[in-house]
Structure formats: C-alpha cells, structure tokens
Amino acid sequence: MENKAFQGDDGAELKERKGHEGVGGGAGVRGRGAGLPGAEGQAEDKSPGLEGGKPTPNDVVNLERRVGLLSGVALIVGTMIGSGIFVSPKGLLERTGSVALSLIVWGACGILSLLGALCYVELGCMIPSSGAEHTYFLTAFGHLPAFLFAWVSIIILKPAMLAIICLSFSKYLVEAFTSECEPPIMAIQLLGALTIVLITFINSYSVNLATRVQNIFTAAKLLAILIIVVGGMVKLAQGNTAHLAKGFEGSTKSFGDVATAFYSGLWAYDGWNNLNYVTEELKKPYTNLPRAIIIGLPLVTVCYLLVNVSYLAVMSIDELLASETVAVTFGNRVLGWAAFLMPLAVTLSTFGAANGTAFTSGRLCFVAAREGHMVDVLSYVHNRKLTPSPALLFNAAIALIMVIPSDIGSLIDFFSFTAWIFYGGAMTALIVMRFTMPDAPRPYKVPIVIPVLVLLISIYLVVGPIIDSPQIEYLYATLFIVAGLFFYFPFVYLKKSLPGMGHLTTFFQLLLEVVPTDVMPDA
C-alpha cells in the first residue's frame, strides 16, 4: 500500500517512523498506524497503492496487493469451512441436548459472525492496514492492549488454530486407510506435522501460489458440502424426518452449556475476520472487503444449516453423538460405492482451511513485529518473493509443538474463550473510535447498536462458562494474557534488548534471504 508516510521526497517521513525498537533489539519499522485515516494521513481509494498491483520502481520492499475479490471470498469461506462442520456437530448437539436448539445455535452463530464481520468492515475501511485486531487496538487504545493481543494470538491462538485444523486433516486422511481399526495417534501427529511444513512452504514460496491453492480447495469443499446437502434432501424427500421431528426434546437448561455450545458453533464459523489480517494485500479494499463479507458469511451460514439438517436426515441423535467422523458416517449411509469421496472431500476441505489460516497468521505476526511488538526479523520479507517467510516459519514452529498433545476438544475451548475476549475488545475499539475519531473517513459505517450487541454477546460467551462450568483452560488463558506484561514492560515499553539479538537477526536475514520493509527491492 502506498502510504503518504512512506513517500516523502527526501525520505524524512520514513526516517521519523523508524527507530522503534522491536522486542529483542534492532531498529523496527513503525507500521502504518501513524499514517492511517483519522490519525495523521488520509486514505483515498483511488491511489495506486489502494487500487492494487505491483509497487512502483521506487517503492520500498513490502507486501504487494495480489488478493482480489474472488481470492478474498475464498480466503473467508475456505478458512471458515474447514474441520469445524465435520468435527463440531457432535459437540454442539451434545451440549444443547436437542435437534431444534442445536439448529438455532448454528443459525445464531452465523448471524453473530455476520454482525461481527460487518463491524470489522467499518474498522478495515477506516484503518486500511493489515493486522486486524492488533491494528485496531493500537489505534484506539495504544501499545499495551495491542501487544497483549499479539502476544496471545501469535504464541497461542493462531498456531493452535493451525494445529487443530491439521490434526483434523490428518485424522480423516489416516482413517481413510485404517477403516478396520482405530488409527494410531503417532501417525496422526506425524501427518499433521508434515501438513504444517507443506503449507508453510507454499505460503513462503509464493503469494500467488498460496491464493491459487486457496481458490482450488475452496471450490472442492463447496462441492463436498453440495454432495452432503443433496444426499440429505433426497433422504428427507423419502420421508426420513423422524429425527428432525424431535424438536426441542431434551434441550439443556444450563446457562454454561449454551455458551459452550456457542463455542463449538463459533469455532466452525471462525475465520470471518481473516480478510482484515491482509487488508494491505487486498485490491480495492474499500470495495472488495465489504463485498467479500456480504458474499461469504451468508453462504457459509446456509451451508452449515443445510449440512446439519442433512446429517439428521440420515443419522439419529445417538448415532451422531457416537460418531467421531460424522461426514464419513454420512457418506457410508448415503453414497454407497462412492463413500470414499467423503473422507477425501473432508481432507481437501481441512487442507484449504489450514492454508488460509497460515496465510493470515503470518500477516499478523509480520504486522506486530513491524510495530516493535515482536523481534524485528519477523517483520522482514523475502527479497524477491515478497512473502513474510520469517513470520510464517515462526507460526509453523509453534504449531508443530502444539501437535504433540493432539487434544482437539481442549484446544477448541481454549481458543474460543480467548478469541472472544479480543473480539469484544475490537467492538469496544470501534465504539471508542466513534467518539475519539469522529471525523475519520468511514467509507462503510454500521449502526452503533451492532457493535454494542456483539460486545454484550462476547461478554456472555466469556463470563457464562466461567460462572456455570469453570474449566482449567479458562484459567490458563487468563494467566497467559497476564504473563504478557512481563515481556511488554522491559522489551517494548523500556525498549530493552537481549544480548546477541543483532547477530541472531543478521544470521536469519542471510539464511532466509529476507530484508526489512524499508529497503529498495532488487532490480
């Protein structure tokens, strides 16, 4: 993105924004926050940088705008429809206790995600910089909240999401070859680790390759969804409505059970904010960001509801709860000789979701390092390929560690609890900036009642399970957020650096062929 703060004729503006030392030492490059609309600069959709395309010959090295509308929709849909719809139906139905309540929760999760995404459209258009919540917290509240978000997201949330999806991918793939017995956990872990390595290589090698992979695998998963929906509709037309007819029979009355049921559903919907992590790489962001959200979220919601109805047209509640691989069981009942297509479709779907997750996670790490909240080398990009390879490799390394426990259920609960703390924080940032930055250009503006409603729901989702059914994961999440303070004050606030970090940065710069985002590219 061409930002006025980077384009002074004599480079003075650029020099003023350098020198904010990253965690661990070295001169970090201040990101785009200082030049954002509503702060110091003005954003114009007609500028070459915002319209997209390659940088001009005199531009500094940075990420290019190579994500169009189709790729943006594929990034949202392809990340949302991953392992969740094939893993979560069991957990959600188990926690709600009834068919009707589970379908209501599925629909409510879709509506909530859409409302949250519309708020993110306003934030993304007002602050057209990558990093999503990190950038919004930095603009609205300052460095400390932004650092704490980056600390938890980069060290836990994003790698955990990648690990969960890759474990689900490997579980389905291994089960396709071990149908007669329980697949060995070691094989699932090993394949999950290899998947993380492969996806990281794709994203580090080429942005265009990563977006092509995302587009292809999104099309494949939509085909899988279509197969399930058509099969379910055929069964319903044949009169298999007994399971759906049970309605609210057995519904839970527990406050905490409903909240944790939302966790299962919202895990399946998570990814609705992913395009905000790559706003700087999105062509025509003021146009394509809202369009991608408006296309992607309703599409996913309709798919999820129809898939759950199809499941219940084929399986009883007890059978669905007993199945660890719901989609595969469905395929065995409905597709006959073509049942092998279902585990294949699921593996394709989860691989695409993992690819999208790695793509956006690397951008968050890149932006946080650019703002001085992570070590400087994580804000470097490859000299020729213009990919944030150090950030991608760092995310992959942590995800590989998280593959070892392989407890998907606990990871989902930990992830959902912590993520909704920050989603609520983003809603608060939007509300605060309505008052602190009233004159900031807002190409898209949501009614204030929407972020207020999403904020209240996020509070319920965080507080409800703690009151009704406290789990150790919630304590771990809270302690980990607080632990970030021990790193913030010495390394970010006081700008201290660890001995030898300069040499380590130089070593990785030479090894990975990466450069800071303030140097001219090779001719």
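Here the structure is a predicted model, which means the values were calculated and not measured.

A. Local environment of the packing of helix α7 (residues 143-175) against helix α19 (residues 485-493). At their nearest, the axes of α7 and α19 sit 10 Å apart, and the two run at 125° to each other. One way to sum up the angle between α7 and α19 is to call them oblique. As for how α7 packs across α19, the hand of that crossing is right-handed. Contacts from His143, Leu144, Phe147, Leu148 and Trp151 in α7 reach Leu485, Phe487, Tyr488 and Val492 in α19. Among the residues making up the contact of α7 with α19, the classes are represented as 8 nonpolar, 1 polar and no charged.

B. View of unusual backbone geometry. Of note, Ala132 is a non-glycine position whose phi angle comes to about 50°, a positive value. If you trace the backbone, Ala132 turns up in the loop between α5 (99-126) and α6 (133-140). Taking relative accessible area as the criterion, Ala132 reaches 0% and is therefore assigned buried. Even without being glycine, Glu513 reaches a positive phi, approximately 55°. Within the element layout of this structure, Glu513 appears in the loop between α20 (501-512) and β4 (514-515). With a relative accessible area of 39%, Glu513 lands in the partly exposed category.

C. Here's a closer look at the confidence of the model for the protein chain. In the predicted model, the protein chain carries a mean pLDDT of 80, and the fraction of residues at 70 or more is 82%. When pLDDT is averaged over each element of the protein chain, α6 comes out on top at 94 and helix α1 (residues 12-16) at the bottom at 34. Note that residues 24-58 has pLDDT below 50 and, in this model, 103 contacts with residues that lie over four places away or in other chains.

D. Up close: the environment of Gly356. Mapped onto the elements, Gly356 comes out in helix α14 (residues 341-370). Sequence separation between Gly356 and Ala74 is 282 residues; the distance between their C-alpha atoms is 8.7 Å.

E. Main features of the side chain of Asn288. When you line up the elements, Asn288 lands in helix α11 (residues 285-314). A distance of 2.6 Å separates the side chain of Asn288 from the backbone oxygen of Lys283, its partner in a polar contact. The contacts of Asn288, once residues within four sequence positions are left out, are Gly68, Leu69, Leu275, Leu282 and Lys283.

F. Examining the packing of aromatic side chains more closely. The full count for this structure, using the stated rule, is 23 aromatic pairs. Measuring from centroid to centroid gives 5.5 Å for Phe147 and Tyr488, while their planes differ by 50°, and the two rings are tilted. With Phe147 in helix α7 and Tyr488 in helix α19, the pair connects residues that are 341 residues apart, well separated along the chain. Judged by its relative accessible area of 7%, Tyr488 is buried. Taken together, a centroid distance of 4.9 Å and an interplanar angle of 85° make the contact between Trp420 and Tyr423 edge-to-face.

G. Fine view of the packing of helix α8 (residues 185-205) against helix α15 (residues 389-402). Orientation of α8 relative to α15, taken along the N-to-C sense of each, is 175°, at an axis distance of 10 Å. By the angle between their axes, α8 is roughly antiparallel relative to α15. On α15, the residues that touch Ala193, Ile196, Thr200, Asn203 and Ser204 of α8 are Ser389, Leu392, Leu393, Ala396, Ala399 and Leu400.

H. Geometry of a nonpolar patch on the surface. Where nonpolar side chains cluster on the molecular surface, the patch consists of Ile448, Val449, Val452, Leu456, Ile459, Val463, Ile466 and Ile467 and spans about 680 Å² of accessible area. Along the chain, Ile448 falls in the loop between α16 (408-436) and α17 (449-468).

The rules we used
- Residues numbered from 1 in each chain as written.
- Predicted model: local features only at pLDDT ≥ 70, side-chain atom pairs only at ≥ 80, totals over all residues.
- Heavy atoms only, no water.
- Axes fitted to C-alpha atoms, helices over the stretch in contact; angles between N-to-C directions.
- Helix = DSSP H or I, 4+ residues; strand = E, 2+ residues; numbered from the N terminus.
- Parallel < 35°, antiparallel > 145°, perpendicular 65-115°, else oblique.
- Left-handed = near helix turned anticlockwise from the far one by under 90°.
- Contact = heavy atoms within 4.5 Å.
- Nonpolar A, V, L, I, M, F, W, Y, C, P; charged D, E, K, R; others polar.
- Buried < 20%, exposed > 50% of the residue type's maximum accessible area, 1.4 Å probe, protein only.
- pLDDT = per-residue confidence, 0-100.
- Polar contact = N/O pair within 3.5 Å; in protein donor to acceptor, adjacent residues only side chain to side chain.
- Phe/Tyr/Trp six-rings, centres within 6.5 Å; stacked < 30°, edge-to-face > 60°.
- Patch = residues over 30% accessible without salt bridge, like charges linked within 9 Å, V, L, I, M, F, W, Y side chains within 5 Å.
- Areas by Shrake-Rupley, 256 points an atom, 1.4 Å probe, with all protein chains shown as cover.
- Salt bridge = Lys/Arg side-chain N within 4 Å of Asp/Glu carboxyl O.

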